[in-house]
Amino acid sequence: METSYETIIIGGGVVGSSIAYHLSERNKEGIVVLDKKFPLSGTSGSTQAWVWVHNKTPSWYAEFSMYSAELYPYLSKKIGDVEYKRTGGLSPFFSELDREKAERLAEAYEPIGIKIKVLSREEALEKEPSLNPDIVGATYSSIDGNVNPFRLVDRYMRAAKKNGVQYSTYNKVTEIQKLPGKFIVRAEKGRFECKNLVLAGGTWSRELGKLVEVTIPINQLRGQILVTEPLKPFLNYTISGLRQAFNGEVLIGYSMEEEGFNRATTLDVIQETANMAIHYVPSLRKAKVVRAFSGIRAMPEDGFPILGKIPGVENLYVAAMHSGVTLSPLVGTLMTELILDGETSIPIDRYSISRFA
Amino acid sequence: MNAVETDVLIIGAGPAGLAAAFETASRGLQVTLVDESKSMGGQLVQQTQVLSSLPSIYQPMCGFELAAHLSRQLEDFEIRYLLGHRVIGFYKDGSVGITDEKNVFPLRAKKTIVATGASENAIAFPKWTLPGVMTIGAAQTLMNRNFVQPGKNAVIVGSSDFAMDVALQLSKVGVRIRGIVEKNTGVKANGTEKVEQVRKIGIPILLNSSIKEARGIGAVSEVDIQQGEDIWTEKVDLVCVDGGRSPILDIFYQLGCSFGHQEELGGWVPQYNNDFQTDCENVFLAGNAAGISTQGALLVTGMLAGINVCAALGAISKEAVEEGKQSLWKELESIETRSNLKVWQARNQHIEKFAHPVLKDQFIS
Amino acid sequence: MDKSTIICRCEEISLEEIVEVIANGARTFDDIKRLTRCGMGPCQSKICNCLVAGVIHEQTGMEFHQIPLPRMRMPISPIKLETLATNSTTFSSVKSVLDEVELEDGKVK
C-alpha cells in the first residue's frame with residue numbers, strides 16, 4: 001500500500017467524506033481517509049438528518065447553514081440521489097410566549113434572506129393537518145428539509161473513491177508526528193505520510209487533537225431517537241422533533257443528555273419522546289415503535305463549527321461541528337478552497353479554533 | 001412512576017425459568033415471573049416426544065407433561081405471575097420496563113434471572129421467503145399447539161435430533177416426508193435410535209445435499225434438491241428448515257452484559273461464571289440462553305441459577321449452597337456428557353473465559 | 001447460493017447487495033445495515049443476523065467470533081407509541097427547537 005499522500009483526512013463521517021469528495025473534484029491524486037471504524041458508525045449514521053436552517057441562532061450561523069442547504073440540490077446532481085427533500089420546516093409552539101420568540105426570530109432573519117413565517121394555529125393546521133389542534137402556532141421556512149444520512153455518506157464516499165480517494169477503514173490513528181513539511185501518521189494498520197492533515201474526528205475530535213497537542217473543544221451530547229414502522233405518507237413537512245422518511249418510517253426525537261460516549265438508550269427518554277410525538281402529532285398513537293437509537297452529537301463548547309487552519313502548525317486543518325449533515329456540502333467546499341487556494345469564498349474566520357485561545 | 005419491587009425477577013417461563021422459580025420461591029424469596037406467552041412452559045408445551053436425559057429426580061416424560069409438572073410445583077408459593085407481559089427495555093436506574101400492552105411500568109429486582117431461551121436460525125436459498133417454508137419449530141408449533149397440519153408433502157433441511165423428532169411427529173399426523181436434506185457427510189443427530197426410526201418408516205436421509213431453489217406462486221410448490229452432480233425436483237408444499245438455534249440475547253445486550261463465542265453453544269453467548277452469573281453482578285442466566293443444550297440440562301441450569309441467587313440474597317445456608325451446587329454440577333456433567341459431550345466441553349471453555357469476553361462495552365463508541 | 005437470494009426478508013435485500021458493500025469495505029453487520037437497510041425492518045435483524053454473518057465469513061474469511069453481534073435495540077419488540085407514552089406532560093431531556101432560541105432585550109440573542 002502506498003503510504004505517502006498529499007492530504008490525509010482523519011474521520012470518514014459526513015464531514016470528512018464531504019471534504020474528501022470536494023477535494024477530489026479538483027485534486028485527484030494523493031488523498032486518503034482514515035477511519036477508526038467505518039463511515040457511518042458514529043454520529044453520521046445515527047441522526048434524524050434534518051437539513052435545518054430556520055431557527056438556528058444567531059443570524060450569522062443561520063446564514064451559514066442556509067448557504068449549505070442551498071448546495072444540496074446541486075450536490076445530489078453530482079454524487080447521486082441522497083433522498084434530499086426540501087420539505088420546508090415547521091416548528092409548532094404551544095404557548096403565546098413562544099409566539100413572541102418566533103416573531104422576533106422572523107424579524108431578525110429577514111435582512112439576511114431567510115424567510116420565516118409565523119403561522120397562526122389555523123394556517124399551521126392547514127399546512128400540516130396531523131398536528132395537534134392545541135397548538136398556538138408554528139414557525140415555517142421553506143428552506144428546511146431532510147436527507148437520508150446513510151445514502152449521503154455512502155454517495156460522498158463512492159464519488160470520492162471514483163475520483164481516486166482511498167479509504168482505509170478499521171484503522172485507528174494512534175500517533176501523529178509533525179516534521180518539517182510533513183506529518184507522520186501512525187495507525188493500527190501502518191504508517192502514513194502527508195503534507196496536509198485534516199482532523200475531522202467528530203465526537204472524537206478532542207482525543208484526536210491531543211495527538212497534535214491541540215485542544216479541540218468538542219463535547220458529547222446524546223440524543224435518543226425513535227423510529228416507527230413504515231406508515232402511509234402523511235407528514236408534509238420536516239417538523240422540528242420529527243420527520244417522515246421516504247420509506248414511511250417516522251423518526252422522532254429531540255433529547256439532550258451529557259453521557260459521554262455512551263450510546264445506550266433508556267426507557268426514561270424513550271417514554272418522554274413518545275409523549276412528545278403524541279403531543280405534536282396525536283395520530284401517531286397507534287403507530288408501533290420498531291427501534292430506538294442513540295447518537296452522540298459532536299458539540300463544540302460554544303455550539304458553533306470549528307473550522308479552518310490550526311494556528312501554529314503548518315498545513316494542519318480542523319473541521320469539527322454539530323449539524324454536520326446540514327453543513328457538509330458547504331464545509332467540504334470551503335475546506336477544499338482553503339487547502340488548495342489558501343482562502344475561502346465565504347469568510348470562516350468566525351469559526352476559527354483560535355476563538356477558544 | 002414508582003417501581004414495583006421484587007427480590008427475584010425471572011424473565012422467561014420456560015423450563016429453565018420455572019426451575020429457577022421453584023428454587024428461589026421455595027426458599028422464601030419474593031419472585032416475579034414474566035413471560036410474553038399467556039401460558040407457562042415455553043417451548044415444552046408443544047414437545048410431544050419423550051424427553052431423554054432428564055435429571056435423575058424426574059421420571060421420563062414428554063415436554064407438555066414436564067411443563068405441567070414444573071408449573072404445579074410452584075402452586076404452593078406466592079409468585080407474582082406476569083404472563084402475557086413483555087419486557088421492552090430498561091430505565092436508567094436499572095429498573096426493567098414491562099408492558100401489559102396498555103402501559104409500561106417499571107419493576108426493580110434485587111436479582112434478575114434471564115431465561116429467554118433460543119431462537120431458530122434461518123437457512124437461505126432462492127425463494128426461501130415463500131409461504132410454506134418455515135423453521136422446524138414453527139412446523140411443530142402449528143402441529144402440536146394449534147393442531148394444524150402444516151402441509152401434505154414436505155422436505156426437512158437439516159438433520160439434528162430436533163429435526164428427527166419433528167420428522168417423526170409430522171409423519172404421524174400424515175405429512176409425507178420426501179427427504180431429510182443434510183449438507184454434511186453425516187447425520188447431525190446424536191440419538192441413533194431416532195435416526196433408525198426415521199429410516200425405518202422410509203424417510204430418505206440425503207447427505208451431501210442441499211436445496212438449490214424453491215419455486216411456487218404465492219406459496220412453495222416444489223424444490224430442487226442437489227446432491228453432488230444430481231439435481232431433481234420434489235413437489236412439496238412444506239419445507240422445514242433446521243438452521244440450528246442460538247441464544248436470544250436482546251435482554252443481556254440491553255443490560256450491558258459481555259459476550260463470548262462458542263459455536264457448540266449456538267454462537268454468541270452471554271459471558272457467565274460457575275454460578276451462572278453474568279458480568280453484571282445482579283444478572284444471572286439459565287436455560288438455552290446460557291448455551292443450547294438438552295431439556296434435562298436446561299432444568300439443571302435453572303436450578304443452579306436459582307440456588308446461586310438464593311445464596312446472593314442470603315436465603316440459603318452456605319453449606320446447603322455448596323452441597324447443592326456440587327450435586328447439580330455433577331448432574332449437569334452427567335447429562336451433557338451423555339447427550340452431547342461437545343456442549344459440555346464448550347460450556348466449560350466458555351466459563352473459563354469469563355474474565356476475557358470477546359464483546360464488551362457495546363454501547364461505548 | 002444464487003446472487004438474487006434474499007437475505008433480509010423484511011427489507012428484501014439480496015445476497016448481491018450485501019456482497020457489493022462488503023467489497024466496498026463493510027466488515028460488520030452494522031456496516032452492512034447502514035449501507036443497505038439489511039436488518040432495519042420489523043424483525044430488527046433477528047432473522048437475518050446469522051445469514052449475514054455467514055456471508056461476511058464467506059466473503060472475507062473472518063471467523064465468526066470476529067464478526068460482532070449487530071447492535072440490538074429497545075424496544076425489545078415493537079410497541080405502540082400510546083403504550084409507551086406516560087401521562088406526564090413535563091419534559092426533562094426532550095426539548096423543542098424554540099427552547100433553544102433565547103431572547104435578550106426583546107431581540108434574538
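These figures come from a predicted structure and were not determined experimentally.

The helix and strand inventory of chain A stands at eight helices and 18 strands. C-alpha atoms of chain A, sized along the principal axes, occupy 65 × 45 × 40 Å. A fraction of 73% describes how many contacts in chain A between residues 6 or more apart in sequence connect residues 24 or more apart. On chain A, roughly 13,000 Å² of surface is accessible, and the fraction owed to carbon and sulfur atoms is 49%.

Looking now at the pattern of salt bridges. Counting across every chain of the model gives 41 salt bridges over all chains. A salt bridge links Glu193(A) to Arg191(A); the shortest N-O distance between them is 3.3 Å. For Arg191(A), a relative accessible area of 37% translates into the label partly exposed. Between Lys194(B) and Asp165(B) there is a salt bridge; the shortest N-O distance is 3.1 Å. With Lys194(B) in helix H5 (residues 192-200) and Asp165(B) in helix H4 (residues 161-172), this pair connects stretches of sequence that are 29 residues apart.

A few words now on the environment of Val34(B). Residues and elements named next belong to chain B. By the element assignment, Val 34 lies in strand S2 (residues 31-35). Take Val 34: its relative accessible area is 2%, and that puts it in the buried class. Distance from Val 34 to Gly 132, taken between C-alpha atoms, is 32 Å for residues 98 residues apart in sequence.

With that out of the way, let us pick up the domain arrangement of chain A. Residue and element names in this part refer to chain A. The assigned domain composition of chain A is domain 1 (4-47 + 150-217 + 302-356), domain 2 (89-141) and domain 3 (219-300). For domain 1 and domain 3, the distance between their C-alpha centroids amounts to 29 Å. Listed per partner, the contact involves 18 residues of domain 1 and 14 residues of domain 3. For the pair domain 1 and domain 3, the summed buried surface comes to about 1,200 Å²; carbon and sulfur atoms form 58% of the total. Looking at the side of domain 1 facing domain 3, the largest losses of area belong to Ser 46, Thr 203 and His 322, adding up to 42% of the total buried there. Counting across the interface, domain 1 meets domain 3 through zero salt bridges. Here domain 1 is connected to domain 3 by seven residue pairs in polar contact (both at pLDDT 80 or more). Taken together, the residues that form the side of domain 1 that touches domain 3 break down as six nonpolar, nine polar and three charged.

The next point concerns the sheet that holds strand S12 (residues 209-215) of chain B. Residue and element names in this part refer to chain B. Taken in spatial order, the three strands of this open sheet run S12-S13-S14, and their pairing is antiparallel. Two strands in the sheet have a free side with no partner beyond their single neighbour: S12 and strand S14 (230-235). Along the sheet, successive strands turn relative to each other by an average axial angle of 25°, direction set aside. In terms of strand pairing, strand S13 (residues 222-227) meets S14 through six bridges, oriented antiparallel. Residue Val 223 lies in a different strand from S14, and its bridge partner there is Glu 234.

So, on to the interface of chain A and chain C. Taken together, the contact between chain A and chain C spans 59 residues of the former and 43 residues of the latter. In total, about 4,600 Å² of surface goes out of reach between chain A and chain C, with carbon and sulfur atoms giving 59% of it. It is Lys101(A), Tyr254(A) and Glu272(A) that lose the most area in chain A upon contact with chain C, and together they represent 14% of the buried surface on that side. Our count for the contact surface shared by chain A and chain C stands at four salt bridges. Linking chain A with chain C are 13 residue pairs in polar contact (both at pLDDT 80 or more). Put simply, the parts of the chain that give the side of chain A that touches chain C at least two residues each are strand S4 (89-93), helix H3 (96-109), helix H5 (149-162), strand S12 (218-228), helix H7 (267-280) and strand S16 (288-300) of chain A. Top contributing element to the side of chain A that touches chain C by residue count: H7(A), with 13 residues. Its residues assigned to classes, the side of chain A that touches chain C comprises 28 nonpolar, 16 polar and 15 charged. Pairing geometry for S16(A) and strand S3 (residues 79-80) of chain C, over two bridges, is antiparallel. Of the residues in S3(C), the one forming a bridge with Lys288(A) is Lys80(C).

Conventions used here
Residues numbered from 1 in each chain as written. Chains lettered and ligands numbered in written order. Predicted model: local features only at pLDDT ≥ 70, side-chain atom pairs only at ≥ 80, totals over all residues. Heavy atoms only, no water. Helix = DSSP H or I, 4+ residues; strand = E, 2+ residues; numbered from the N terminus. Contact = heavy atoms within 4.5 Å. Areas by Shrake-Rupley, 256 points an atom, 1.4 Å probe, with all protein chains shown as cover. Salt bridge = Lys/Arg side-chain N within 4 Å of Asp/Glu carboxyl O. Buried < 20%, exposed > 50% of the residue type's maximum accessible area, 1.4 Å probe, protein only. Domains from an automatic or database assignment. Buried area = accessible area lost by both parts, 1.4 Å probe. Polar contact = N/O pair within 3.5 Å; in protein donor to acceptor, adjacent residues only side chain to side chain. Nonpolar A, V, L, I, M, F, W, Y, C, P; charged D, E, K, R; others polar. Pairing = 2+ DSSP bridges. Axes fitted to C-alpha atoms, helices over the stretch in contact; angles between N-to-C directions.

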